[in-house]
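Residue-level structural notes
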Amino acid sequence: MSTETLAVLAVTVAVAAFVQGSSGLGFALIVAPVAGILDPGLLPVFVLASMIPLNVYVAWRERASLDLRGAGWITAARLAATPGGLALLWLIPDRSLGLFVGIATVLAAVVSLAAPAFTPGRAAYVGAGAVTGLTETATGVGGPPLALVYQHRPPAELRSTVAACFLVGEVASLVLLFAAGKGQPEDLGLAVALLPAIAAGAWLSRLVHHRMDARRMRLFVLGFALVSGLVLIVGL
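Residues numbered from 1 in each chain as written. Predicted model: local features only at pLDDT ≥ 70, side-chain atom pairs only at ≥ 80, totals over all residues. Heavy atoms only, no water.

**Here's the deal with the pattern of salt bridges**
Any two side chains of opposite charge can pair, so long as their charged atoms come close to each other. One pass over the full model with this rule turns up three salt bridges. R61 serves as the salt-bridge partner of E62, at 3.0 Å between the closest nitrogen and oxygen. With its nearest N and O atoms 3.0 Å apart, the salt bridge here joins R153 to E157. Residues joined in a network through salt bridges with shared partners are R61, E62 and R159. (Salt bridge = Lys/Arg side-chain N within 4 Å of Asp/Glu carboxyl O.)

**Overview of the nonpolar core**
V13, F27 and F46 are the most contacted members of the largest nonpolar core, which has 50 residues in total. A total of nine residues in this core trace back to one element, the largest contributor, which is helix α3 (residues 45–61). (Core = buried A, V, L, I, M, F, W, Y, C linked by side-chain atoms within 4.5 Å. Buried < 20%, exposed > 50% of the residue type's maximum accessible area, 1.4 Å probe, protein only. Helix = DSSP H or I, 4+ residues; strand = E, 2+ residues; numbered from the N terminus.)

**Structural notes on a nonpolar patch on the surface**
Among the surface-exposed residues, F18, W203, L204 and L207 lie close enough to one another that they form a single nonpolar patch of about 360 Å² accessible area. With respect to the secondary-structure elements, W203 resides in helix α10 (residues 195–205). (Patch = residues over 30% accessible without salt bridge, like charges linked within 9 Å, V, L, I, M, F, W, Y side chains within 5 Å. Areas by Shrake-Rupley, 256 points an atom, 1.4 Å probe, with all protein chains shown as cover.)

**Some thoughts on helix α2 (residues 27–38)**
The first and last C-alpha atoms of α2 sit 17 Å apart over twelve residues, in line with the 16 Å expected at 1.5 Å per residue. If you check which residues of α2 are buried, you get F27, A28, L29, V31, A32, P33 and A35. (Expected span 1.5 Å × (residues − 1).)

**What about the packing of helix α1 (residues 3–23) against α10?**
In the contact formed by α1 and α10, the axes pass within 7 Å of each other and the chain directions differ by 30°. As far as their axial angle goes, α10 and α1 are roughly parallel. Seen along the crossing, α1 lies across α10 with a hand that is right-handed. On α10, the residues that touch A10, V13, A14, A17, F18, G21 and S22 of α1 are A197, I198, G201, A202, L204 and S205. A breakdown of the residues in the contact of α1 with α10 according to their chemical character gives nine nonpolar, four polar and no charged. (Axes fitted to C-alpha atoms, helices over the stretch in contact; angles between N-to-C directions. Parallel < 35°, antiparallel > 145°, perpendicular 65-115°, else oblique. Left-handed = near helix turned anticlockwise from the far one by under 90°. Contact = heavy atoms within 4.5 Å. Nonpolar A, V, L, I, M, F, W, Y, C, P; charged D, E, K, R; others polar.)

**What about the packing of aromatic side chains?**
Under the definition given, this model contains one aromatic pair. Geometry around W60 places R63 over its ring, the cationic atom sitting 3.7 Å from the centre. (Phe/Tyr/Trp six-rings, centres within 6.5 Å; stacked < 30°, edge-to-face > 60°. Lys NZ or Arg CZ within 6 Å of the ring centre and 35° of its normal.)

**Description of helix α9 (residues 185–193)**
Residues of α9 that are buried include every one of D187, L190 and A191, and no others. Along the axis of α9, the buried residues cluster in a sector spanning 100°; they form a single face. Opposite the packed face of α9, turned more than 90 degrees from it, sit the exposed residues P185, E186, V192 and A193. Where the residues of α9 are buried, they touch α1, α3 and α10. (Arc of directions from axis to C-beta.)

**Quick word on empty space enclosed by the protein**
In total, this model carries two cavities of 30 Å³ or more according to the counting rule given. In this structure, the largest cavity encloses a volume near 70 Å³. Taken together, 15 residues form the lining of the largest cavity, with G26, A28, G143, F166 and F224 sitting closest to its centre. Where the lining of the largest cavity is concerned, the elements lending two or more residues are α2 and α7 (143–149). When residues in the lining of the largest cavity are grouped by element, the largest group, three residues, is from α2. For the lining of the largest cavity, a count of residues per class yields nine nonpolar, five polar and one charged. Space inside the second largest cavity adds up to approximately 40 Å³. Lining the second largest cavity we find I74, T75, R78, T132, L146, C165 and F166. Elements with a minimum of two residues in the lining of the second largest cavity: α4 (68–91) and α8 (155–179). Looking at the lining of the second largest cavity, the element that brings in the most residues is α4, giving three residues. Looking at the lining of the second largest cavity, its residues break down into four nonpolar, two polar and one charged. (1 Å grid on protein atoms, 1.4 Å probe; cavity = no way out; pocket = protein on both sides within 12 Å on 5 of 7 lines; lining within 4 Å. Points joined across faces, edges and corners; volume = space filled by probe spheres on them.)

**Overview of the side chain of T132**
Inspection of the secondary structure puts T132 in helix α6 (residues 122–139). With relative accessibility at 1%, the residue T132 sits in the buried group. Within the structure, the side chain of T132 is placed 2.8 Å from the backbone oxygen of A128, a separation counted as a polar contact. Once residues lying within four places of it in the same chain are set aside, the contact partners of T132 are R78, T137, G142, P145, L146 and F166. (Polar contact = N/O pair within 3.5 Å; in protein donor to acceptor, adjacent residues only side chain to side chain.)

This is the structure:
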């Protein structure tokens with residue numbers, strides 16, 4: 001990999017770590033398109049591996065706000081659906097998969113704009129976990145379902161719970177991807193090499209994360225879901 005490519009990736013993951021460390025979401029949305037343009041072979045392993053240290057930090061930083069009940073149901077469904085995500089990699093062309101997930105995400109975000117506030121229950125947790133297990137394993141993008149479930153919850157709860165769910169799911173997805181021959185050791189090496197950039201973005205996020213109020217967080221979440229869905233639809 002050239003020095004220029006490495007520099008672009010370093011800046012990208014630093015910005016993405018800052019955004020996700022501040023809001024709880026956005027890393028894959030920022031990194032996946034750039035990595036896909038530079039080297040499609042980096043997806044989804046590089047994105048998943050890069051998110052692990054960031055999610056460890058966020059989950060620990062805001063552990064007092066973690067929704068254990070929701071995280072438990074989401075994680076159980078996420079792990080159960082992970083093999084399905086691997087199957088999608090084998091069975092469905094990348095373009096068709098991205099189009100399907102993108103349309104579903106945009107529709108969910110549009111419905112959420114008109115829907116009244118709600119408190120998520122077991123069905124919402126399980127559904128979000130299952131969809132995330134499918135999409136994150138197949139594409140590296142799994143944030144929108146969790147974002148929509150927690151859009152009306154306090155920002156700290158969203159950040160900590162999503163980080164914890166991502167963390168367990170990312171490890172499970174990587175294990176399965178490598179076992180199936182869909183991952184390469186150099187992808188992990190690149191994530192390790194960019195740890196300083198990830199750490200810099202995460203460190204900067206601690207300066208602003210506590211200033212995110214619930215209203216702004218919800219607008220960001222819905223915007224995140226809409227943009228990520230459109231990214232998948234157009235195939236960036």
